Amino acid sequence: GDLFAKLYSSLNLFEVFRKTNWQIIKENYSRYSDSPKFLVPATLLNSSAKQLPIIIFGLLFLPKVIGYLLIAQRVFQGPIGIVSTSLSQALLNKMSVEFKETGNCIHTYNKSLLFLALIPLPAALIIYLFIESLVVTFFGKNWIELSLLIKILLPFYYIYFISGTLNIVLIAKKKKKINLLMQT
C-alpha cells in the first residue's frame, strides 16, 4: 500500500509540474527576488539572537544557570509569541487599510508603537516587583535564583515584544533590507 501511495503521489506531482504556468512563476520570482535574499538572513539572525543568551551563559556559568535561563525563556517566549503574532496580524490589516486610503501608514504605526510601549509596562512592573514570590509559589524555594534571571531578561523581552510585533510592517511594505539591518 505504501509503495502504491508513493508511486501515485509521484505521478500526480509530475502532472502538476506539466500543467504549471512557468511564465507566472518567472514573473513572481523576479518580482519577489528580494524576499529570500533578505528575509532568510533576517530570520536566521533573529533565531540566533534568541539563542545567544544560552550560548553566552553556557560559556560563563554553570549548567544550573543555563537551566534557569531555559525556564525563563519558556515562561516569556510562549505568551509573548502568541500575543505578538496576533497583534501583528491585526496591525497589518489596519495598516493595509490606511495605506490604501492615504498612501502611507505612519499614523497607525506611531499609534501602535506608543500602544505597544505603554501597554506591557504595568505587567512588566508587576513581574519585576513580585517575581520572587511568584517563583516561590510556582516552582518552590529552591528556584529563587530564577527570579533574578527573569529580572535581568525582562528588558530584553519587553523590547522583543515591541519589535516582534512591528516587524511585520517592514516585511509588508517591502522594506526587507531595513528588516535585515534591524535584526543585526
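Residues numbered from 1 in each chain as written. Predicted model: local features only at pLDDT ≥ 70, side-chain atom pairs only at ≥ 80, totals over all residues. Heavy atoms only, no water.

Observations concerning the pattern of salt bridges
No. 1: In this structure the tally under the stated criterion is two salt bridges.
No. 2: For Lys64, the salt bridge is made with Glu145, and the minimal N-O distance between the two is 3.3 Å. Residue Lys64 is located in helix H4 (residues 63-102), and its partner Glu145 is located in helix H7 (residues 145-172); the two are separated by 81 residues in the primary sequence.
No. 3: Given a relative accessible area of 42%, Glu145 falls into the partly exposed group.
No. 4: Here Lys151 and Glu132 are joined by a salt bridge, their closest N and O atoms 2.8 Å apart. Placement of the pair is Lys151 in helix H7 and Glu132 in helix H6 (residues 120-139), with a sequence separation of 19 residues.
No. 5: Looking at Lys151, the relative accessible area reads 22%, which means it is partly exposed. (Salt bridge = Lys/Arg side-chain N within 4 Å of Asp/Glu carboxyl O. Helix = DSSP H or I, 4+ residues; strand = E, 2+ residues; numbered from the N terminus. Buried < 20%, exposed > 50% of the residue type's maximum accessible area, 1.4 Å probe, protein only.)

Observations concerning the packing of helix H5 (residues 106-118) against H6
No. 1: Direction vectors running N to C along H5 and H6 enclose 20 degrees, while the axes themselves pass 5 Å from each other. Judged by the angle between their axes, H5 and H6 are roughly parallel. The residues of H6 that touch H5, namely those facing Phe115, Leu116, Ala117 and Leu118, are Pro120, Leu121 and Pro122.
No. 2: Grouping the amino acids of the contact of H5 with H6 by side-chain chemistry returns seven nonpolar, no polar and no charged. (Axes fitted to C-alpha atoms, helices over the stretch in contact; angles between N-to-C directions. Parallel < 35°, antiparallel > 145°, perpendicular 65-115°, else oblique. Contact = heavy atoms within 4.5 Å. Nonpolar A, V, L, I, M, F, W, Y, C, P; charged D, E, K, R; others polar.)

Section: H4
No. 1: Between its first and last C-alpha atoms H4 spans 54 Å; for 40 residues at 1.5 Å apiece the expected length is 58 Å, and the two agree.
No. 2: Of the residues one or two after H4, Gly103 is the one with positive phi, at around 90 degrees. (Expected span 1.5 Å × (residues − 1).)

With respect to a nonpolar patch on the surface
No. 1: On the surface, a nonpolar cluster with roughly 980 Å² of combined accessible area is contributed by Val75, Leu125, Ile126, Tyr128, Leu129, Phe130, Leu134, Phe138, Phe139 and Trp143.
No. 2: Within the fold, Trp143 resides in the loop between H6 and H7.
No. 3: According to the relative accessible area criterion, Trp143 is partly exposed, its value standing at 30%. (Patch = residues over 30% accessible without salt bridge, like charges linked within 9 Å, V, L, I, M, F, W, Y side chains within 5 Å. Areas by Shrake-Rupley, 256 points an atom, 1.4 Å probe, with all protein chains shown as cover.)

Remarks on the packing of H4 against H5
Two quantities define a packed helix pair, namely the angle between the axes and the distance from one axis to the other.
No. 1: Relative orientation of the contacting elements H4 and H5 amounts to 155 degrees, with a least axis distance of 9 Å. For the element pair H4 / H5, the angle class is roughly antiparallel. The crossing of H4 and H5 is right-handed. Of the residues in H5, those touching H4 at Leu87, Leu91, Lys94, Met95 and Glu98 are Ile106, His107, Thr108, Tyr109, Lys111, Ser112 and Leu116.
No. 2: A breakdown of the residues in the contact of H4 with H5 according to their chemical character gives six nonpolar, three polar and three charged. (Left-handed = near helix turned anticlockwise from the far one by under 90°.)

Details of the packing of aromatic side chains
Two aromatic rings are characterised by how far apart their centres lie and by the angle between their planes.
No. 1: In the structure shown here, the tally under the stated rule is six aromatic pairs.
No. 2: Ring centres 6.0 Å apart and planes at 40 degrees place the aromatic pair Phe139 and Trp143 in the tilted group.
No. 3: Cluster of aromatic residues (ring-pair linked, three or more members): Phe76, Phe156, Tyr157 and Tyr160. (Phe/Tyr/Trp six-rings, centres within 6.5 Å; stacked < 30°, edge-to-face > 60°.)

Considerations on the confidence of the model for the protein
No. 1: Per-residue confidence for the protein gives a mean pLDDT of 80, with 88% of residues at or over 70.
No. 2: Taken element by element, the protein is modelled with least confidence in helix H8 (residues 176-183), mean pLDDT 51, and with most confidence in H6, mean pLDDT 92. (pLDDT = per-residue confidence, 0-100.)

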